[in-house]
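# Close look at the chain arrangement
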Amino acid sequence: MGSARRTVERFRALLVARAFLLDVVVSVVLTVGALGHLGVLDYRAPVIVAVGACVLCTAPVALRHRAPWLVAVGSVTSMVLYQRLTHDQDMLFEPFAVILNYYTCGARGVARRDLLRLAASIVYGLAGCALIDANAGGLTLSSLVSHAASIVIVPAVVGVVVARRWSLTEQLVPRQATFARNEMTRSASLSLWRLRQAM
């Protein structure tokens, strides 16, 4: 049982290290892309404020595993501010940052406390999507549902499903190891009994 647990822990540590590096790369790509898109927009807001809102929306993807709820709420807030300042109807990169952050919130855990935080984050995300739709001039129930579902709700639900699956897998590995040991012991005992009967 100790061997199986150590193997799972090593695998988890390797995944965490690689996930952080991948998050940094994704964060840089999203930020550079968003800033590039911001450069071609025509808006009246001060450039430094628009750039700040853009960077605060996409760059925290690198920290999403360290503080998922803070990053998710911050990215939604920054996306609302960015859209309000620039009137960007396309937002090519910012929604992807929010999707990744809400997925991480959902994947954080299946404990009651985590699910309550996730529910509060989803409500906040719905409010953010409503503000973006209202600012764009098209706040309808169908637009809110489609935007909120694709940016906030679906990623969070997928994260919860993945977390539940991972939790079940972690519970299953030690049980499989115990079952294999018991089966080997039973097989050895049966072979020994047959040997004694043959003598």
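Coordinates for the structure precede this section.
Below: a short report on this structure.

Conventions used here
- Residues numbered from 1 in each chain as written.
- Predicted model: local features only at pLDDT ≥ 70, side-chain atom pairs only at ≥ 80, totals over all residues.
- Heavy atoms only, no water.
- Helix = DSSP H or I, 4+ residues; strand = E, 2+ residues; numbered from the N terminus.
- Rg over C-alpha atoms; globule rule 2.2 N^0.38 Å.
- Buried < 20%, exposed > 50% of the residue type's maximum accessible area, 1.4 Å probe, protein only.
- Contact = heavy atoms within 4.5 Å.
- Axes fitted to C-alpha atoms, helices over the stretch in contact; angles between N-to-C directions.
- Parallel < 35°, antiparallel > 145°, perpendicular 65-115°, else oblique.
- Left-handed = near helix turned anticlockwise from the far one by under 90°.
- Nonpolar A, V, L, I, M, F, W, Y, C, P; charged D, E, K, R; others polar.
- Phe/Tyr/Trp six-rings, centres within 6.5 Å; stacked < 30°, edge-to-face > 60°.
- Lys NZ or Arg CZ within 6 Å of the ring centre and 35° of its normal.
- Core = buried A, V, L, I, M, F, W, Y, C linked by side-chain atoms within 4.5 Å.
- Lys, Arg positive; Asp, Glu negative; His and termini not counted.
- Salt bridge = Lys/Arg side-chain N within 4 Å of Asp/Glu carboxyl O.
- Polar contact = N/O pair within 3.5 Å; in protein donor to acceptor, adjacent residues only side chain to side chain.
- Patch = residues over 30% accessible without salt bridge, like charges linked within 9 Å, V, L, I, M, F, W, Y side chains within 5 Å.
- Areas by Shrake-Rupley, 256 points an atom, 1.4 Å probe, with all protein chains shown as cover.
- 1 Å grid on protein atoms, 1.4 Å probe; cavity = no way out; pocket = protein on both sides within 12 Å on 5 of 7 lines; lining within 4 Å.
- Points joined across faces, edges and corners; volume = space filled by probe spheres on them.

A word on the overall build of the protein. Of regular secondary structure, the protein possesses six helices and zero strands. Counting from the amino terminus, helix and strand elements in the protein follow one another as α-α-α-α-α-α. Relative to its length of 199 residues, the protein is extended, with a C-alpha radius of gyration of 24 Å against a globular reference of 16 Å. By its C-alpha atoms, the protein is 95 × 35 × 25 Å across when sized along the principal axes. Looking at the 199 residues of the protein, the share that counts as buried comes to 35%. Summarising the internal contacts of the protein: among those between residues at least 6 apart in sequence, 75% fall at separations of at least 24.

For the rest of this paragraph, the subject is the packing of helix α3 (residues 68-86) against helix α4 (residues 94-107). One can describe the packing of α3 onto α4 by two numbers: an axis separation of 9 Å at closest approach and a directional angle of 160 degrees. By the angle class used here, α3 and α4 are roughly antiparallel. By crossing handedness, the relation of α3 to α4 is classed as left-handed. In contact with P68, W69, V71, A72, S75, V76, M79 and Y82 of α3, α4 contributes E94, P95, V98, N101, Y102, T104 and C105. Partitioned by chemical class, the residues of the contact of α3 with α4 number 11 nonpolar, three polar and one charged.

Our next topic: the packing of aromatic side chains. Going through the model one piece at a time under the given rule, you end up with zero aromatic pairs. Residue placement shows R66 over the ring face of F20; its charged tip is 4.6 Å from the ring centre. Geometry around W69 places R117 over its ring, the cationic atom sitting 4.8 Å from the centre.

Residues V98 and Y102 are the most contacted members of the largest nonpolar core, which totals 29 residues. Looking at this core, the elements with two or more residues in it are α1 (2-39), α2 (47-58), α3, α4, α5 (112-136) and α6 (141-198). Top contributing element to this core by residue count: α3, with seven residues. If we ignore the near neighbours within four places in the chain, the residues touching Y102 are A72, V76, S121, I122, Y124, G125, I151, V152, P155 and A156.

As a further point, take the side chain of D88. Looking at the element boundaries, D88 is found in the loop between α3 and α4. In this structure, D88 is buried with no salt-bridge partner, the nearest side chain bearing the opposite charge being R84 at 14 Å. Side chain to side chain, D88 and H37 meet in a polar contact 3.1 Å long. Within polar-contact distance, the side chain of D88 engages the backbone nitrogen of M91 at 3.2 Å. The residues contacting D88, other than those within four sequence positions of it, are H37, L41, Y82 and Q83.

Taken together, the side chains of F20, L21, V24, V28, V32 and L63 present a nonpolar region at the surface, about 510 Å² in accessible area. The residue V32 is located in helix α1 in this model.

Our next topic: the layout of surface pockets. Of the pockets and cavities examined, the largest pocket occupies roughly 830 Å³. Residue lining of the largest pocket: 24 residues in total, with L15, V16, H65, A107 and W166 positioned closest to the centre. Sorting the residues of the lining of the largest pocket by element identifies α1, α4 and α6 as the ones contributing at least two each. The leading source of residues in the lining of the largest pocket is α1, at nine residues. The space that makes up the second largest pocket amounts to roughly 180 Å³. Q89, M91, I132, D133 and H147 are the residues nearest the centre of the second largest pocket, which is lined by 13 residues in total. For the lining of the second largest pocket, the secondary-structure elements that each account for two or more residues are α3, α5 and α6. By residue number, the principal contributor to the lining of the second largest pocket is α5, which donates four residues.

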